[in-house]
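Results of the structural survey
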Amino acid sequence: MTKQNVLVSDTKSGISMAITLAVRNSALFTTASQKPPAVPGTYMKKLLQNLEINTGAKINSWVDSMRASSPTHLKSTPPLSSDDQSSSTLHHPSALDMFEQITNASKGKQIVMFLDYDGTLSPIVEDPDRAFMSDAMRAAVRKLARYFPTAIVSGRCRDKVYSFVRLAELYYAGSHGMDIKGPSKGYKHKKGAQAVLFQPDAANEFLPMIDEVYEALLEKTKSTEGAKVENNKFCVSVHFRCVDEKKWVELAQQVKSVLKDYPKLRLTQGRKVLEIRPTIKWDKGKALEFLLESLGYANRKDVFPVYIGDDRTDEDAFKVLKERRQGFGILVSKTPKETSASYSLKEPSEVKDFLQRLVQWKRLCLGRQSRVRRQLEDINAISG
């Protein structure tokens, strides 16, 4: 167990106090290594053999990620066999089809909702600055937050995510959970938790380094048409969704040439994006644990966390729920993937449908409880 200091501020009283959060397996400055999947093709194999990044991990994992999530690759991917589809449906059934089983499992427990943004609440679009959520989705999330504690957990910086969502009653965890702020209004699930602020102590020292890398990547990648570099405060995102596949080697070399001077930064893969982050053992899974801690649910059995996301970085949260044996994860994907999530949804429109059904179910439950309470009151009045 490693302890991490966080700051909780109460805007009404002006009081700030330090809280020590116990984070499992949170040794700092460690780099996780993953066994990359095989990549077919002589051209790609040659690329993967020749390029390495400064962390010592071969570049094939993130170049392969680029290939797997690019628009051109997805369009050219052959349709899945019926056996593949059946296997995926068996192991990760639709959360809509299994809705009754899901709600039955949550009875008597407090549901806490965690939602990724890009690809979950909004579609993946060519320009990441235009990843707007629909009015219908915003309405669904607003109603959701009336009944359940709700957090947006994203790789984007917290301010950028808030500018897209614009709902003050939610938790926002930006930069993969390294920058968290609680609801500023209308929060009724936990009294006195309106302004929870969190940043890992070790993360702040990386801010000047992140700014340097951002500026360097802007300069390095400006010759690669379609590349977009985004400063997300505690991480830098290099979006390649509009980069021609023939330019990927060039982009990989550009990123590598910058990262070699920053051994305390690591590169991870997201959906159509490469992300440079501090080598701190903090991710979306740790953010989920911190939020449950701040809500008072850390060691309670009557909590039912639900995490919905579409990205590889969301797997950290899915794994935490699996290890805790509480709640479940829902993967948003049109194609079967290896995942620690329990259920799946195909796209943001299905996410909206699921959230709306969850709200309707909760309203019905509250309505039944209200009727039973009135009946008991009537019985007591008669017998009294």
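To keep things clear, this report deals only with the structure shown in the data block.

Definitions and limits used
- Residues numbered from 1 in each chain as written.
- Predicted model: local features only at pLDDT ≥ 70, side-chain atom pairs only at ≥ 80, totals over all residues.
- Heavy atoms only, no water.
- Core = buried A, V, L, I, M, F, W, Y, C linked by side-chain atoms within 4.5 Å.
- Buried < 20%, exposed > 50% of the residue type's maximum accessible area, 1.4 Å probe, protein only.
- Contact = heavy atoms within 4.5 Å.
- Patch = residues over 30% accessible without salt bridge, like charges linked within 9 Å, V, L, I, M, F, W, Y side chains within 5 Å.
- Areas by Shrake-Rupley, 256 points an atom, 1.4 Å probe, with all protein chains shown as cover.
- Salt bridge = Lys/Arg side-chain N within 4 Å of Asp/Glu carboxyl O.
- Lys, Arg positive; Asp, Glu negative; His and termini not counted.
- Charge placed at Lys NZ, Arg CZ, Asp CG, Glu CD.
- Helix = DSSP H or I, 4+ residues; strand = E, 2+ residues; numbered from the N terminus.
- Phe/Tyr/Trp six-rings, centres within 6.5 Å; stacked < 30°, edge-to-face > 60°.
- Pairing = 2+ DSSP bridges.

1. What about the nonpolar core?
Within soluble globular proteins, side chains that are nonpolar tend to cluster in buried spots. Counting 49 residues, the largest nonpolar core has Phe-114, Leu-217 and Ile-276 as its most contacted members. Non-local contacts of Ile-276, meaning those with residues more than four positions away in its chain, are made with Ile-210, Val-213, Leu-217, Phe-234, Cys-235, Val-236, Val-238, Val-255, Leu-259, Leu-265, Arg-266 and Leu-267. Core analysis: the second largest hydrophobic core is formed by 38 residues, Met-113, Ala-131, Met-137 and Ala-145 among them.

2. As for a positive patch on the surface
Taken together, the side chains of Arg-142, Lys-143, Arg-146, Arg-166 and Arg-363 define a basic patch exposed on the protein surface. In terms of residue count, the dominant contributor to the positive patch is helix 6 (residues 135–147) (3 residues). Relative accessible area serves as the criterion here: at 38%, Arg-363 is assigned to the partly exposed category.

3. A look at the environment of Leu-331
Position of Leu-331 among the secondary structure elements: in strand 13 (residues 328–332). The spatial distance from the C-alpha of Leu-331 to the C-alpha of Asp-310 is 5.4 Å, given a sequence separation of 21 residues. Sequence-distant contacts of Leu-331, defined by excluding residues within four places in its chain, comprise Gly-309, Asp-310, Glu-315, Phe-318, Lys-337, Thr-339, Ala-341, Tyr-343, Ser-344 and Leu-345.

4. Quick look at the packing of aromatic side chains
Summed over all chains, the structure comprises 9 aromatic pairs. Aromatic side chains Phe-114 and Tyr-307 sit 6.4 Å apart centroid to centroid with 15° between the ring planes, which places their arrangement in the stacked category. One end of the pair, Phe-114, is in strand 3 (residues 110–115); the other, Tyr-307, is in strand 12 (residues 303–309), with 193 residues separating them in the sequence. According to the relative accessible area criterion, Phe-114 is buried, its value standing at 1%. You can call Tyr-307 buried: its relative accessible area is 0%. Residues Tyr-307 and Phe-318 carry aromatic rings whose centres are separated by 5.6 Å and whose planes lie at 90° to one another, so their mutual orientation is edge-to-face. One end of the pair, Tyr-307, is in strand 12; the other, Phe-318, is in helix 11 (residues 315–324), with 11 residues separating them in the sequence. Of the two residues examined, Tyr-307 and Phe-318, each falls in the buried class. Cluster of aromatic residues (ring-pair linked, three or more members): Phe-114, Tyr-307 and Phe-318.

5. Structural notes on the pairing of strand 8 (residues 228–231)
Two strands pair when backbone bridges link them, and strand 8 and strand 9 (residues 236–239) are joined in this way by 4 bridges, in the antiparallel orientation. Each residue of the ladder has a partner; that of Glu-230, found in strand 9, is Ser-237. Hairpin connection, strand 8 to strand 9: the antiparallel pair is bridged by 4 residues, and Lys-233 has positive phi, about 70°.

Worth remembering: the numbers are spatial, not functional.
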